[in-house]
Amino acid sequence: MVYCPFCDGQGLMNEATVVNHDLTIFICDECDTMWESSDIKEENSKNFKEYMDRFRYKGLWSELTNIKRI
C-alpha cells in the first residue's frame, strides 16, 4: 500500500479514472489530495476539487471510476 505524504500514515492512495475522460489520477482517500502520475510527492500534488473544475465537475468521488487501492 502507498500512503499519502500529507496524512501521517492515515491516508491510503488510490488509482482512479475520471468519468467520461481517459485520465488516470492518484488520490488520497483521507484528504483528497491528488496527483496526475504515480510519482507521489508533496511538491507535485494538486487539489482534487480545483482539478475537477476544469471538467465542470464538483470534485466528488462519484465522478471517478475504476477506483483501486495502490
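Each chain carries its own residue numbering, running from 1 in the direction its sequence is written. Confidence filtering applies because this is a predicted model: local features only for residues at pLDDT of at least 70, side-chain atom pairs given and counted only at 80 or more, and all residues used for totals across whole chains, interfaces and linings. As a convention, hydrogens and water are excluded, and side-chain values are obtained from all of the structure's heavy atoms.

### Quick word on the side chain of N14
Next up, step 1: The numbering of helices and of strands both runs from the N terminus, where a helix is a DSSP run of H or I of at least 4 residues and a strand a run of E of at least 2. Mapped onto the secondary structure, N14 falls in strand β1 (residues 13–18).
Next up, step 2: There is a polar contact of 3.3 Å between the side chain of N14 and the backbone oxygen of L12.
Next up, step 3: In what follows, a contact means two residues having at least one pair of non-hydrogen atoms within 4.5 Å. The residues touching N14, leaving out its near neighbours within four places in the chain, are I25, F26, I27, D29, W61, I67, K68, R69 and I70. Here a polar contact is recorded for every N or O atom pair within 3.5 Å, except that within protein the pair must consist of a potential hydrogen donor and a potential acceptor, and residues adjacent in sequence are included only if both atoms are side-chain atoms.

### Structural notes on unusual backbone geometry
Next up, step 1: We note that D8 has phi near 50 degrees; this positive angle belongs to a residue other than glycine.
Next up, step 2: Take D8: it is sitting in the segment before β1.
Next up, step 3: In this scheme, a residue with accessible area under 20% of its type's maximum is buried, one over 50% is exposed, and one in between is partly exposed, where area comes from a 1.4 Å probe on protein chains only. With relative accessibility at 72%, the residue D8 sits in the exposed group.
Next up, step 4: Positive phi, close to 65 degrees, is recorded for D32, a residue that is not glycine.

### Observations regarding the nonpolar core
Next up, step 1: Counting eleven residues, the largest nonpolar core consists of A16, V18, I25, I27, M34, F48, Y51, M52, F55, Y57 and L64.
Next up, step 2: Only β1, β2 (24–28) and α1 (48–53) provide two or more residues apiece to this core.
Next up, step 3: Those residues within four positions of L64 in sequence are excluded, and the remaining contacts are A16, T17, V18, V19, I25, I27, F48 and M52.
Next up, step 4: Throughout this description, the term nonpolar core refers to a set of buried Ala, Val, Leu, Ile, Met, Phe, Trp, Tyr and Cys residues connected via side-chain atoms within 4.5 Å. Counting residues in each nonpolar core, the second largest holds seven residues, with C4, F26, C28 and W35 among its members.

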